[in-house]
Amino acid sequence: MAEVINMPRLSDTMEEGTVAKWLKKVGDKVEEGDILAEIETDKATMEFESFHEGTLLHIGIEEGDGAPVDSLLAIIGEEGEDISGLLNGSGSSSEAPKEQSSPEPDDTASETETSEPADIPEGVEIVTMPRLSDTMEEGTVASWLKSVGDKVEEGDILAEIETDKATMEFESFYSGTLLHIGIQEGEGAPVDSLLAIIGPEGTDVDAVLNAQSSGGSPKKSASNKEASKDDAPKAEESSKKEETAPATQDGQRIFASPLAKKIADEKGINLADVKGTGDNGRIVKKDIENFKPSSQAAPAAEKTEAAPAVAPVALPVGEESVEEVKNSTMRKVIAKRLGESKFSAPHYYLTIEVDMDNAKASRAQINSLPDTKVSFNDMVLKACAMALKKHPQVNTSWNGDSMIYKHHIHMGVAVAVDEGLVVPVIKFADQMSLTQLGTSVKDLAGRARNKKIKPDEMEGSTFTVSNLGMFGIQEFTSIINQPNSAILSVGAIVDKPVVKNGEIVAGSTMKVTLACDHRTVDGATGAQFLQTLRAYLENPVTMLA
């Protein structure tokens, strides 16, 4: 019977593959383990081995063409076999009888659906993955604070759930016993997935799960069983095949599939001792699995002993070690959003150097007052807010056929946390004093690091400031936090010689870089904004006028 080969998923992020090269043609004989094609994924070009034996009857994707995962790649079967039903979509021909006999299954299915609410005992509550932010599509259970069998009161914290913006505590809205946990710690699931079941102690959980199940899990387990059944005969066939006498390649290149090389390396097998049964003597997986060491390795050993002695070379010895860490939901969203911003918005960068002597003196005077503490970052935020009032085009968003001018100023402040980066938002920053800005930044940044910040406190920014000066970074560029049109990167204040009034004197300077979206902010507009910003920072008293 013909086997349909679909475009494989060769990487965890692969959504589409391109056939770089076919190594078999229609009509060629194919053995299990033969390389069918070279497929280009989103990460690399990889060899794709056949798991079936027979004749290549059809090629569904030509060289150079791409197709989504699970698209028809090829068909392998017996020579002369009729595959017209597979090519025309045998599902269409088989749908007719299914439709004729469908009323009964549909009736029973509808009866089951209508009877499901009755199957759920009274007092049992289904808790689903909540949508904890307006952009949340998936959540990850960071930790469970209740175990199966624990009593739960309304208002108790059930779990800590990691969203695309923060890790938040999730309260129970029901009272009862925690009967079932649907998502384990560290696992993620889409919004509205089954998170837990709460109800009276002793409730039949299986009945509740069966009532809620959509049939996806049984299908999955059934497919796994079928796969294991399919693999069993292949394993028996491969074990029955006896290996022919191994032969060396006499110094020539040894042809072997990547999988065969990996298994041979793990088992300590010399590929030169293995007889390949693939195309042109290529060594494939089953050759390694069926390989049995023989005395033919002795001549090679004798040749090695007969070779002239070589002076020993001291080489570094160590153990290669890697660790794969699963990306958090926040990290995946950061990668997605920054990638979208970088590749959709045409970025350009403008850098200026600001004289910070007056700013340092003004800050010292302000901080000498009782119960007053102002940072240079607070001064930068205040200067940016006031500069945006004078240059409203920087305070815009691109909206396809139009630009949105924001008449309010909400300052986003980039804050580094363990999982990545969050941007708390200071609302109406232009109406705040320096001390109010400083207090707001400390409060939001502290709660962001402690995972206590609310989702709505990280939404609605119109301009963003990223400051790495405290780490000694003198100059850097940032990716625009969309839908903003610009982001300011603030470097460290550096003491160095400067020229003032024609003389070289000691001074303090700071570099700032403005990243702009060229769709909304022209170069001259960005430059004028930086001139205004420089005027405020070099003369802080003007911010009080």
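Below: a short report on this structure. (Residues numbered from 1 in each chain as written. Predicted model: local features only at pLDDT ≥ 70, side-chain atom pairs only at ≥ 80, totals over all residues. Heavy atoms only, no water.)

The next point concerns the pattern of salt bridges. Scanning all chains against the criterion turns up 15 salt bridges. A salt bridge links Lys496 to Glu353; the shortest N-O distance between them is 2.5 Å. You can see Lys496 sitting in strand E25 (residues 486-500) and its partner Glu353 sitting in strand E17 (residues 347-355), a full 143 residues away along the chain. Given the relative accessible area of 31%, Glu353 is considered partly exposed. It is possible to trace a salt-bridge network through shared partners that takes in Asp355, Asp357 and Lys500. (Salt bridge = Lys/Arg side-chain N within 4 Å of Asp/Glu carboxyl O. Helix = DSSP H or I, 4+ residues; strand = E, 2+ residues; numbered from the N terminus. Buried < 20%, exposed > 50% of the residue type's maximum accessible area, 1.4 Å probe, protein only.)

Approximately 1300 Å³ is the volume attributed to the largest pocket. Val413, Ala414, Leu421, Val422 and Val423 are, among the 50 residues lining the largest pocket, the residues nearest its centre. Broken down by secondary-structure element, the contributors of at least two residues to the lining of the largest pocket are helix H9 (329-344), helix H11 (376-390), strand E21 (415-417), strand E22 (420-422), helix H12 (434-449) and strand E24 (463-467). The element that contributes the greatest number of residues to the lining of the largest pocket is H9, accounting for seven residues. Across the lining of the largest pocket, the residue classes tally to 24 nonpolar, 14 polar and twelve charged. (1 Å grid on protein atoms, 1.4 Å probe; cavity = no way out; pocket = protein on both sides within 12 Å on 5 of 7 lines; lining within 4 Å. Points joined across faces, edges and corners; volume = space filled by probe spheres on them. Nonpolar A, V, L, I, M, F, W, Y, C, P; charged D, E, K, R; others polar.)

Attention now goes to the environment of Arg131. Structurally, Arg131 is set in the loop between strand E9 (125-128) and strand E10 (138-144). C-alpha separation for the pair Arg131 and Val191, spaced 60 residues apart in sequence, amounts to 5.9 Å. Here Arg131 is in contact with Met136 and Val191, once residues within four sequence places are set aside. Of the polar contacts made by the side chain of Arg131, one reaches the backbone oxygen of Met136; its length is 2.6 Å. (Contact = heavy atoms within 4.5 Å. Polar contact = N/O pair within 3.5 Å; in protein donor to acceptor, adjacent residues only side chain to side chain.)

What follows is about H9. Taking 1.5 Å of rise per residue, the 16 residues of H9 would be expected to cover 22 Å, and the 22 Å separating its terminal C-alpha atoms lies within 8% of that figure. Inspection of H9 places Thr329, Met330, Val333, Ile334, Gly339 and Ser341 among the buried residues, and these make up the whole buried set. Buried positions along H9 lie against E10, strand E12 (157-162), E17, E21 and E22. (Expected span 1.5 Å × (residues − 1).)

The next subject is the side chain of Ser71. Relative to the helices and strands, Ser71 resides in the loop between strand E7 (66-68) and strand E8 (72-77). Only 2.7 Å separates the side chain of Ser71 from the backbone oxygen of Pro68, close enough to count as a polar contact. The contact partners of Ser71, leaving out residues within four places of it in the chain, are Ile5, Asn6, Met7 and Ile61.

Here H11 crosses helix H13 (residues 523-538) at 135°, and the two axes come no closer than 9 Å. Here H11 is positioned oblique relative to H13, judged by the angle of their axes. Between H11 and H13 lies a crossing of right-handed hand. Of the residues in H13, those in contact with Met379, Val380, Ala383, Cys384, Met386, Ala387, Leu388 and Lys390 of H11 are Phe529, Thr532, Leu533, Tyr536 and Leu537. (Axes fitted to C-alpha atoms, helices over the stretch in contact; angles between N-to-C directions. Parallel < 35°, antiparallel > 145°, perpendicular 65-115°, else oblique. Left-handed = near helix turned anticlockwise from the far one by under 90°.)

Now for the sheet that holds E9. The strand order across the open sheet formed by four strands is E9-E16-E14-E11, and the pairing between neighbours is antiparallel. The open sheet is flanked by E9 and strand E11 (151-152), the only strands paired with a single partner. Two elements, E9 and strand E16 (residues 194-199), share four bridges in a ladder whose sense is antiparallel. For Ile126, the partnering residue across the bridge sits in E16 and is Ile197. Against the sheet, helix H4 (residues 205-212) engages E9, strand E14 (176-181) and E16, with an angle of about 135° to E16. (Pairing = 2+ DSSP bridges.)

Let us look at the sheet that holds strand E15 (residues 188-190). One open sheet holds the four strands; their spatial order is E13-E12-E10-E15, and the pairing between them is antiparallel. Looking at the sheet topology across the chains shown, the edges are occupied by strand E13 (167-171) and E15. Along the sheet, successive strands turn relative to each other by an average axial angle of 40°, direction set aside. Here E10 pairs with E15 via three bridges, running antiparallel. Among the inter-strand pairings, Glu138 is bridged to a residue of E15, identified as Pro190.

In this structure, Met411, Ile426, Phe463, Val465, Leu488 and Val512 are the most contacted members of the largest nonpolar core, which totals 53 residues. For this core, the leading source of residues is H11, giving nine residues. (Core = buried A, V, L, I, M, F, W, Y, C linked by side-chain atoms within 4.5 Å.)

Our focus in this paragraph is a nonpolar patch on the surface. A cluster of nonpolar side chains, contributed by Met470, Phe471 and Ile473, occupies part of the molecular surface with about 340 Å² of accessible area. With respect to the helices and strands, Phe471 occurs in the loop between E24 and E25. (Patch = residues over 30% accessible without salt bridge, like charges linked within 9 Å, V, L, I, M, F, W, Y side chains within 5 Å. Areas by Shrake-Rupley, 256 points an atom, 1.4 Å probe, with all protein chains shown as cover.)

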